[in-house]
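# Coordinate analysis (summary)
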Amino acid sequence: MKIEPIESRILLSVSLGTDGWTKFTAIPDTRIVYVSSSAGNDKNTGLSTNSPLKTLAKAESLIRDGKPDWLLLKAGDTFSTGIPPWKTSGRSAQEPQLISSYGTGARPIIDSGVHEGFVTFGGTGHPINNIAIAGLQFFANTYNGKNGSFSTTGIRLTRQGSNWLVENCLIKGYKDNITLDADGTGLSNFTLRRSQILDAYVASKSVGNGEAQGIFIGTGTKNAVLEQNVIDHNGWNASVPGANASEFNHDVYIHAGSTNTTVRDNIISQSSLYGVLLRGNGIVENNLFIHCPYGIDVSAGGSTISGNVILDGTDMQGTTTGATGIEVAALSGITITKNIIAHEKSSAQFHVTGIRLDPGVKNATVSTNLIYDWQQSINNAGASNITIKGNVLQDTNAVSPLIVQTTAANPAQFHYSNNTYGTPRSKVNQLNNKDQTLAAWITATKETGSKFQIVNYVNPNIDVAPSFTTWINSVRNQSKSNWNTAFVAPAVLKSISAGFTVAK
């Protein structure tokens, strides 16, 4: 990322450009500190591109608390330590402190070994606010899965604060690539966008808590936004002995006690178990989930899951754990709507479900979803006030009933309407362990407006590319300098959705 100061008469602003990237502009009292591992010297002033400092520690010491100062790393350089613990704040959300790069070339690399690439520390008290990190690469270059700790984290925010932006960053190969686990009042208004979060793993239970996450959003985090990122292959590493996929490791883990998290327009793939584990309430919308054992797991009421494409669900690596698109644990209040869930690739015989409502779910609406080529479309073990309407459920393999309701019919609590069922099976659904013809199902459930129809789609077997490996490697290598909108979730979702257009 190339950032150059402009004339001081122009006020600083942080704005989103027409190209979708955040623009930063300096103001008269911005101090810009330059640092170069290849050309710097700590005896320099650090205040011009011709006089850069050598070390990140010296450069950070010149950043002033409460000022809109910038710390810029030279493009193409590699730094052999992480950025020292950050202790200062910007002036406001519109006048933040910026950690980024200058010059031309590849994003600077921070090789932080088994320690943090960037960290805030401290007990409760002085918050750290108004920070932007843009255009950097973070690698755990000496980590082997067994020699790390909780500190083996790319970006780790443990001090309370607000108004954080991370954009155009590559974070790869840590125990946890990003951890938001702030003290005191927690962290609010954190945004991660257009970044690559890759290959977090752990190979020993003695490393921290023995679990690995691509992104961990902790208790007390409010209004976090994850958008247009690539979040791939987190929680396991098949090439490292002991770094197996685990039910405790995920691409994104949103912990109970976090609130109002938004996950939108991301490509989320090859998770250890869950693509997104949503234990704090939020919105998960318009994402592509691909090659994940579980796409989304929700256990917080007041959440909305909409507009996602969940494709090619797999077993957890090394197991026969069945693929699930969306699972809802016991909660009250959830909307699941307008999702496409297609083409499970599980070797399991049971628990391979497009949408699963676990026992205890109340006040749930499942509407206008398209589920295709999944062993079981919907499993409803919910408790009360469950509405399932307007879904198109299509299975060509006749392995299982399309809808399995684990209890007897109770039209006062389970409301079915306007669903379209297509299957080779004569008994399309199941109630309380008994398979039902559509006529028997309608009589028992009082479903209105339903129909049996094998829907003919334009291209229901459409995939992201002929070769997933080639495609995901291209997606993982995105950055601002080679940004290709064809490899961004909205474009991929549009293509997949077009394949499910009804043929005329």
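Residues numbered from 1 in each chain as written. Predicted model: local features only at pLDDT ≥ 70, side-chain atom pairs only at ≥ 80, totals over all residues. Heavy atoms only, no water.

Attention now moves to the nonpolar core. Among the nonpolar cores identified, the biggest contains 89 residues, and I99, F118, I133 and F138 are the most heavily contacted of them. Tallying contributions element by element places strand β15 (residues 187-193) first for this core, with 3 residues. One finds L198, V455, V475 and F500 within the second-largest nonpolar core, a separate group that totals 26 residues. (Core = buried A, V, L, I, M, F, W, Y, C linked by side-chain atoms within 4.5 Å. Buried < 20%, exposed > 50% of the residue type's maximum accessible area, 1.4 Å probe, protein only. Helix = DSSP H or I, 4+ residues; strand = E, 2+ residues; numbered from the N terminus.)

With that out of the way, let us pick up the pattern of salt bridges. This structure, assessed with the given rule, holds 14 salt bridges. With a closest N to O distance of 2.8 Å, D435 and R425 form a salt bridge. One end of the pair, D435, is in strand β42 (residues 434-436); the other, R425, is in the loop between β40 (420-422) and β41 (429-431), and 10 residues separate them in sequence. Judged by its relative accessible area of 31%, D435 falls in the partly exposed class. Connected via shared salt-bridge partners are E167, R193, E227, R264 and E285. (Salt bridge = Lys/Arg side-chain N within 4 Å of Asp/Glu carboxyl O.)

With respect to the secondary-structure elements, S269 resides in strand β22 (residues 267-269). The exposure class assigned to S269 is buried, which follows from its relative accessible area of 0%. Not counting residues within four places of it along the chain, the set of residues in contact with S269 comprises I231, D232, H233, D251, I290, C292 and I472. (Contact = heavy atoms within 4.5 Å.)

This part is about the packing of aromatic side chains. Two aromatic rings are characterised by how far apart their centres lie and by the angle between their planes. Across all of its chains, the model carries 12 aromatic pairs by this definition. Measuring from ring centre to ring centre gives 6.0 Å for Y372 and Y457, while their planes differ by 80°; the resulting arrangement is edge-to-face. Taken as a pair, Y372 in strand β34 (residues 370-372) and Y457 in the loop between β43 (451-452) and α3 (468-476) lie far apart in primary sequence, 85 residues in all. This pair shows no difference in class: Y372 is buried, exactly as Y457 is. Cluster of aromatic residues (ring-pair linked, three or more members): W86, F118 and W164. (Phe/Tyr/Trp six-rings, centres within 6.5 Å; stacked < 30°, edge-to-face > 60°.)

Now for the environment of T319. Take T319: it is sitting in the loop between β28 (309-311) and β29 (324-328). Expressed as a C-alpha distance, the spacing of T319 and P52, which sit 267 residues apart in the sequence, is 52 Å.

With 5 of 5 residues buried, strand β32 (residues 353-357) lies mostly within the body of the structure. When β29 meets β32, the two strands line up parallel, connected through 4 bridges. If you follow E327 over to β32, its bridge partner there is R356. Relative to strand β35 (residues 376-380), β32 runs parallel, the two being bridged by 4 bridges. Within β35, the position partnered with I355 by the bridge is I378. (Pairing = 2+ DSSP bridges.)

Among the residues of helix α2 (residues 438-445), L438, W441 and T445 are the ones counted as buried. Summarising the axial view, the buried residues of α2 lie within an arc of 55°, below the 170-degree limit, and thus occupy one face. Those residues of α2 that are exposed and angled more than 90 degrees off the buried face are A439 and T443. Of the surrounding secondary structure, the elements contacted by the buried residues of α2 are β38 (403-405), β39 (414-417), β40, β41, β42 and β43. Trailing α2 by a residue or two, K446 shows a phi angle of about 65°, which is positive. (Arc of directions from axis to C-beta.)

Let's shift gears to unusual backbone geometry. Here the phi dihedral of Q270 falls at roughly 50°; this positive angle occurs in a residue that is not glycine. Summarising the element assignment, Q270 is placed in the loop between β22 and β23 (274-278). For N363, which is not glycine, the phi dihedral falls at a positive 55°. Within the element layout of this structure, N363 appears in strand β33 (residues 362-367).

Fair warning: the whole summary comes from geometry, so function is off the table for now.
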